[in-house]
There are 2 protein chains.
Amino acid sequence: MASTFPLSFQVLIDKLVKFPGIGRRSAERIVHFILNKLSLEEIKSLSEAMVKLKESIRFCSVCHNISEDELCNVCKDTQRDKGIVCIVEEPKDVIAIEKTGIFRGVYHVLMGSLSPLDGRGPEDLSINELISRLNKNSISEIIIATDSDTEGETTALYLAQLLKPKGIKVTRIGMGIPLGSNIDYLDNGTIIKALEARRAI
Amino acid sequence: MASTFPLSFQVLIDKLVKFPGIGRRSAERIVHFILNKLSLEEIKSLSEAMVKLKESIRFCSVCHNISEDELCNVCKDTQRDKGIVCIVEEPKDVIAIEKTGIFRGVYHVLMGSLSPLDGRGPEDLSINELISRLNKNSISEIIIATDSDTEGETTALYLAQLLKPKGIKVTRIGMGIPLGSNIDYLDNGTIIKALEARRAI
């Protein structure tokens, strides 16, 4: 077994299996792909792209979204409504919401969620920055779009209690059955949320 | 949409989706992983591993398996029976068979399969090298382990006709139902092959 792969092959596989979604089989396929389909120039260009990513990406000074400049693409956009702030846990949540193309406000990225069990408290998130942002700007609505797991719900509750006394309209993104799903395949928690969130039609 | 990702993010995603088994979603996850979890040192070490792979891997001068030296790990191994040669299409087939740990012979990698439709004839495979290898060494058995698709079967048939007149024992790996499979889930072709390959018990 140990002698199956040449050393340089095995070294690369061991690095690739640490990536998300890449198992031992996919790592082998990728190594074969690099070996057979990529030129040395393409490998070098891929390496440069990774270094460039790491060196050029920082966090937006306003909302903590990933950015190549002082301000991210959303905060830079003069067409966006700076009065509506959508609070999310991670930069990838911004990307997910941006893909829908329907949200015209701006974001605030918490850089995580509250988790008393893991010892992550409010001071570990960008909550102080959020408060000073609210004090400086006129905000008409805050939409809390944290995940619907325990940590996300805890964070949403904490933020609602913190922000409501400031007289700002605070909303939570809707919970319910996802589009295109079969009721009988859904978990109990989702069905309960969906029943609670029922609306007159 | 176009402005969702910073440029360096998008550049890397576009490179990664060309890899086998990596779609747009996985590419995004990998880029987030590189950004958040890998240090610049780890990125450079990954890049070096890819270059090292490309620069150090060549083909074994005897069997065409991938190798870091003149001879591959299998051909180098004095414990292997050089009289039994297993013919496969690609270096990855060697790896698949080596993982079983039961084959003690050596290999010959064709570097492809015959495909008249795609214009791949015997001269595109390492068949001349195979013949001169047979002429130089004493071979007791040749096991043809090409794929069981049309090209693999065509290649097996061609090789059998070429090699049998030389008085060498030529066998084809067994065809039948894969281990642990349900008969009712199998395609007709496999069931027909399995019936043809039935043996007294």
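Bear in mind that the values here come from a model prediction, so they are computed numbers and not experimental data. (Residues numbered from 1 in each chain as written. Chains lettered and ligands numbered in written order. Predicted model: local features only at pLDDT ≥ 70, side-chain atom pairs only at ≥ 80, totals over all residues. Heavy atoms only, no water.)

A. The overall build of chain A, seen in detail. Broken down by element type, chain A carries eight helices and six strands. Seen in sequence order, chain A has helices and strands lined up from the N terminus as α-α-α-β-β-α-β-α-β-α-β-α-β-α. Judged by the C-alpha coordinates and their principal axes, chain A covers about 65 × 45 × 35 Å. Split into buried and exposed, the 201 residues of chain A put 43% on the buried side. Here the contacts in chain A between residues at least 6 apart in sequence split such that 47% fall between residues at least 24 apart. Side chains of chain A carry 26 positive and 27 negative charges; the gap between the two charge centres is 3 Å. (Helix = DSSP H or I, 4+ residues; strand = E, 2+ residues; numbered from the N terminus. Buried < 20%, exposed > 50% of the residue type's maximum accessible area, 1.4 Å probe, protein only. Contact = heavy atoms within 4.5 Å. Lys, Arg positive; Asp, Glu negative; His and termini not counted. Charge placed at Lys NZ, Arg CZ, Asp CG, Glu CD.)

B. Geometry of helix H3 (residues 40–56) of chain A. Its 17 residues give H3(A) an end-to-end C-alpha distance of 24 Å, which sits within 8% of 24 Å, the value for a rise of 1.5 Å per residue. Looking at H3(A), one finds that the buried residues are A:Ile43, A:Leu46, A:Ser47, A:Ala49, A:Met50, A:Val51, A:Leu53 and A:Ser56. Close packing links the buried residues of H3(A) with helix H2 (24–37), strand E1 (58–59) and strand E2 (66–67) of chain A together with helix H1 (7–16), helix H2 (24–37) and helix H3 (40–56) of chain B. (Expected span 1.5 Å × (residues − 1).)

C. Up close: the sheet that holds strand E6 (residues 169–172) of chain B. Residue and element names in this part refer to chain B. Overall, parallel pairing links the four strands, which are arranged E4-E3-E5-E6 in an open sheet. Two strands close off the open sheet at either side, each with one partner strand: strand E4 (106–109) and E6. Sheet twist, expressed as the mean angle between neighbouring strand axes with direction ignored, is 25 degrees. As judged from the four bridges shared by strand E5 (residues 141–144) and E6, these two strands associate in the parallel manner. Across the sheet, the residue bridging to Glu141 is Lys169, located in E6. Docked against the sheet, helix H5 (residues 91–100) engages strand E3 (84–88) and E4, running at close to 155 degrees with respect to E4. The sheet contacts of helix H6 (residues 127–136) involve E3, E4 and E5, and relative to E4 the element is tilted by about 145 degrees. (Pairing = 2+ DSSP bridges. Axes fitted to C-alpha atoms, helices over the stretch in contact; angles between N-to-C directions.)

D. Layout of the packing of aromatic side chains. The full count for this structure, using the stated rule, is six aromatic pairs over all chains. Taking 4.9 Å as the distance between ring centres and 50 degrees as the angle between the ring planes, the aromatic pair formed by A:Phe33 and B:Phe19 counts as tilted. Remark: B:Phe19 occurs in the loop between H1 and H2 and A:Phe33 occurs in helix H2; the pair is interchain, linking two chains. Each member of the pair, A:Phe33 together with B:Phe19, is buried. (Phe/Tyr/Trp six-rings, centres within 6.5 Å; stacked < 30°, edge-to-face > 60°.)

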